[in-house]
Amino acid sequence: MSSSFSLVSISLPTPFAKHEIETLLDCSLKKGIEKAFYWQYRETFLVYTQFNVLTFINWGKESIYKALTKLGLKHADTFEQHTIFQDYPILIDPDLDVTCKVSNERIILKEPLSLYLIIIALVVSQSVGLEKYEQDLNVHFDKSQQLLDLTQSYALLKRSKLIEFARTLMNIQHGMVSDLLLLDKPNILWDNEEAENLYNRLSSTLELKDRFEIVEHKLTHLKEDISMSLDLFNQKHSEFLEWIIIGLIGFEIVMGLIEFFKH
């Protein structure tokens, strides 16, 4: 007999440590896959990743609202309008002739094994986390043109703004690679062909690799622009210093001539 599970992954606006989630939601999170921790109560699951995405599996809407309220989220009952989130229906079909089927509309599992549900939560969480980086980068992409316009004139303050922006881009890139773990599969999948198949299919359906490459391309483009701008600033800085040195030398010559003619 078929049954269904709901899955909702939400990017939390405020970073939380694992122990804070446990305290506020009165649960004990176990180590799951890679950076995913989970709590299971009967047929409900709570999965938290250290890139700050919380996934509810088989939770009712009211229960989700209450949990988000405990975490201090404003507008918890309308989180769909105020947070980055993704939902995915999971159908359990014991008569399925394969372990899983994945499409854009739903995921079908032969049986609701904890490992499979945590894998699904991890991949959907990665998709939500990547979407947040995509949105953040779009904001920085718009801001970059304003910063590049600063190169038309020289000022130390403008140079420091470019350096700070370059540092922000580096943090975004580091966060994507180290936190989202999109470049490497979880180690547990190497020994479980069916679990690996589920991970690969869902990752492909959500286009994680393609989206990651697009973000990487944008980051690279921005970094090249900022690097070129900093080079221009450094050149102007060198020219500025050269003129100061020339001015000081000229001043010394003038003062020397004044002293010479005094005598």
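Residues numbered from 1 in each chain as written. Predicted model: local features only at pLDDT ≥ 70, side-chain atom pairs only at ≥ 80, totals over all residues. Heavy atoms only, no water.

- The chain is annotated in an unreviewed UniProt entry as DUF155 domain-containing protein from Sulfurospirillum diekertiae.

### Overview of the nonpolar core
Phase 1: Formed by 51 residues in total, the largest nonpolar core has its most connected members in Leu-109, Ile-120, Leu-198 and Leu-202.
Phase 2: Ranked by residues supplied to this core, first place goes to helix H4 (residues 114-148) with 13 residues.
Phase 3: Mapped onto the domain boundaries, this core takes at least three residues apiece from domain 1 (3-113) and domain 2 (124-262).
Phase 4: Excluding its chain neighbours within four sequence positions, the residues that come into contact with Leu-109 are Ile-90, Leu-91, Ile-92, Asp-93, Leu-96, Thr-99, Cys-100, Tyr-116, Leu-117, Ile-120 and Leu-198.
Phase 5: Of all hydrophobic cores here, the second largest spans 22 residues; its members include Leu-12, Cys-27, Leu-54 and Ile-64. (Core = buried A, V, L, I, M, F, W, Y, C linked by side-chain atoms within 4.5 Å. Buried < 20%, exposed > 50% of the residue type's maximum accessible area, 1.4 Å probe, protein only. Helix = DSSP H or I, 4+ residues; strand = E, 2+ residues; numbered from the N terminus. Domains from an automatic or database assignment. Contact = heavy atoms within 4.5 Å.)

### Observations regarding the environment of Ser-6
Phase 1: Inspection of the secondary structure assignment puts Ser-6 in the loop between strand E1 (3-5) and strand E2 (7-11).
Phase 2: Of the residues examined, Ser-6 reaches a relative accessible area of 32% and is grouped as partly exposed.
Phase 3: Sequence-wise, Ser-6 and Lys-61 are 55 residues apart; in three dimensions their C-alpha atoms are separated by 9.9 Å.
Phase 4: In contact with Ser-6, not counting residues within four places along its chain, are Phe-56, Ile-57, Asn-58, Trp-59 and Tyr-88.

### A look at the sheet that holds strand E3 (residues 30-31)
Phase 1: Pairing in this open sheet of six strands is antiparallel, and the strands run E3-E4-E5-E6-E2-E7 from one edge to the other. In this open sheet, the two edge strands, each paired with only one partner strand, are E3 and strand E7 (85-87).
Phase 2: The pairing of E3 with strand E4 (residues 36-41) spans two bridges and is classified as antiparallel. If you follow Lys-31 over to E4, its bridge partner there is Phe-37. (Pairing = 2+ DSSP bridges.)

### Quick notes on the pattern of salt bridges
Phase 1: Within this structure, the stated rule accounts for three salt bridges.
Phase 2: Asp-136 serves as the salt-bridge partner of Lys-132, at 3.0 Å between the closest nitrogen and oxygen. Taken as a pair, Lys-132 and Asp-136 lie in helix H4 at a separation of four residues, close to a single helical turn.
Phase 3: Here Asp-136 falls in the partly exposed class, since its relative accessible area comes to 29%. (Salt bridge = Lys/Arg side-chain N within 4 Å of Asp/Glu carboxyl O.)

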